[in-house]
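Structural features, examined
This is what each chain is made of:
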Amino acid sequence: MLNPHGLAHVGIRAEDLARLSAFYEHAVGLRMIERAEGCHIFDIGQSTLLEIWSGGCSSPVRKSPAQQSVRVCFSVERLETSIEDLRSRGVAPSGEIGSYLGTRWVHYTDPEGNAFGLVDKHG
């Protein structure tokens with residue numbers, strides 16, 4: 001029986017690997033830990049990695065669920081503080097703060113049209 005201890009990594013594909021990686025490193029503030037041929041890997045905390053692979057397709061607008069079947073959401077300690085940090089880096093949310101089952105969240109769109117979010121589990 002599978003007994004997972006958490007999520008090891010999540011991956012997204014990029015049409016322009018260098019551009020999308022630069023966004024997540026400099027605008028979002030993630031720490032790149034490895035740069036390999038066709039893949040850049042970021043530490044997103046709690047022993048979890050974000051992998052960005054080449055070979056994707058970008059979109060000038062937010063991708064539909066059929067174009068992006070997985071949404072990456074980063075857990076944060078304080079939602080408003082994290083929103084302000086991203087705003088100071090030129091990254092604005094795609095909508096208002098939402099809430100569901102004791103969590104609060106906000107969504108963003110990266111330069112290739114991928115939706116991502118921030119989640120505050122403290123509600």
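Below is a summary of the structure that appears in this document. Everything quoted here is computed from the prediction, not taken from an experiment.

A closer look at the overall build of the chain
The helix and strand tally for the chain stands at two helices and eight strands. When the helices and strands of the chain are read in sequence order from the N terminus, they spell out β-α-β-β-β-β-α-β-β-β. Its C-alpha atoms give the chain a radius of gyration of 14 Å, within 12% of the compact-globule value 14 Å for 123 residues. A principal-axis box enclosing the C-alpha atoms of the chain has dimensions of 40 × 40 × 30 Å. Relative to its 123 residues, the chain shows a buried fraction of 39%. Contacts in the chain between residues at least 24 apart in sequence constitute 53% of all its contacts with a sequence separation of at least 6.

Regarding the pairing of strand E2 (residues 31-36)
As judged from the five bridges shared by E2 and strand E3 (residues 39-43), these two strands associate in the antiparallel manner. Across the sheet, the residue bridging to arginine 35 is histidine 40, located in E3. Hairpin connection of E2 to E3: two residues between the antiparallel strands, including glycine 38 at a positive phi of 80°.

Brief notes about helix H1 (residues 17-27)
Residues of H1 that are buried include every one of Leu17, Leu20, Ser21, Phe23, Tyr24 and Ala27, and no others. Trailing H1 by a residue or two, glycine 29 shows a phi angle of about 95°, which is positive.

A few points about the packing of aromatic side chains
Tallying each qualifying case throughout the model produces five aromatic pairs. On the basis of an interplanar angle of 70° and a centroid distance of 6.1 Å, the ring pair of phenylalanine 23 and phenylalanine 116 is categorised as edge-to-face. Taken as a pair, phenylalanine 23 in helix H1 and phenylalanine 116 in strand E8 (residues 115-120) lie far apart in primary sequence, 93 residues in all. For the pair phenylalanine 23 and phenylalanine 116, a shared accessibility class is recorded, and that class is buried. Here the aromatic rings of phenylalanine 74 and phenylalanine 116 are separated by 6.1 Å at their centres, their planes lie at 65°, and the arrangement is edge-to-face. Pair noted here: phenylalanine 74 is in strand E5 (residues 72-75) and phenylalanine 116 is in strand E8, with a separation of 42 residues, a long-range link. You can call phenylalanine 74 buried: its relative accessible area is 9%. For phenylalanine 116, a relative accessible area of 1% corresponds to the buried category. Put simply, the rings of Phe23, Tyr24, Phe74, Tyr108 and Phe116 touch in pairs and so form one group of aromatic residues.

Regarding the sheet that holds E8
The strand order across the open sheet built from four strands is E5-E8-E7-E6, with neighbouring strands paired in mixed fashion. If you trace the sheet from one side to the other, it starts and ends with E5 and strand E6 (98-100), each paired once. Averaged over all pairs of adjacent strands, the angle between strand axes in this sheet comes to 30°, irrespective of strand direction. Two strands pair when backbone bridges link them, and E5 and E8 are joined in this way by four bridges, in the parallel orientation. Residue serine 75 lies in a different strand from E8, and its bridge partner there is valine 119. Packed onto the sheet, helix H2 (residues 79-88) meets strand E7 (103-109) and E8 and runs at close to 15° relative to E7.

Each value, and the rule that gives it
- Residues numbered from 1 in each chain as written.
- Predicted model: local features only at pLDDT ≥ 70, side-chain atom pairs only at ≥ 80, totals over all residues.
- Heavy atoms only, no water.
- Helix = DSSP H or I, 4+ residues; strand = E, 2+ residues; numbered from the N terminus.
- Rg over C-alpha atoms; globule rule 2.2 N^0.38 Å.
- Buried < 20%, exposed > 50% of the residue type's maximum accessible area, 1.4 Å probe, protein only.
- Contact = heavy atoms within 4.5 Å.
- Pairing = 2+ DSSP bridges.
- Phe/Tyr/Trp six-rings, centres within 6.5 Å; stacked < 30°, edge-to-face > 60°.
- Axes fitted to C-alpha atoms, helices over the stretch in contact; angles between N-to-C directions.

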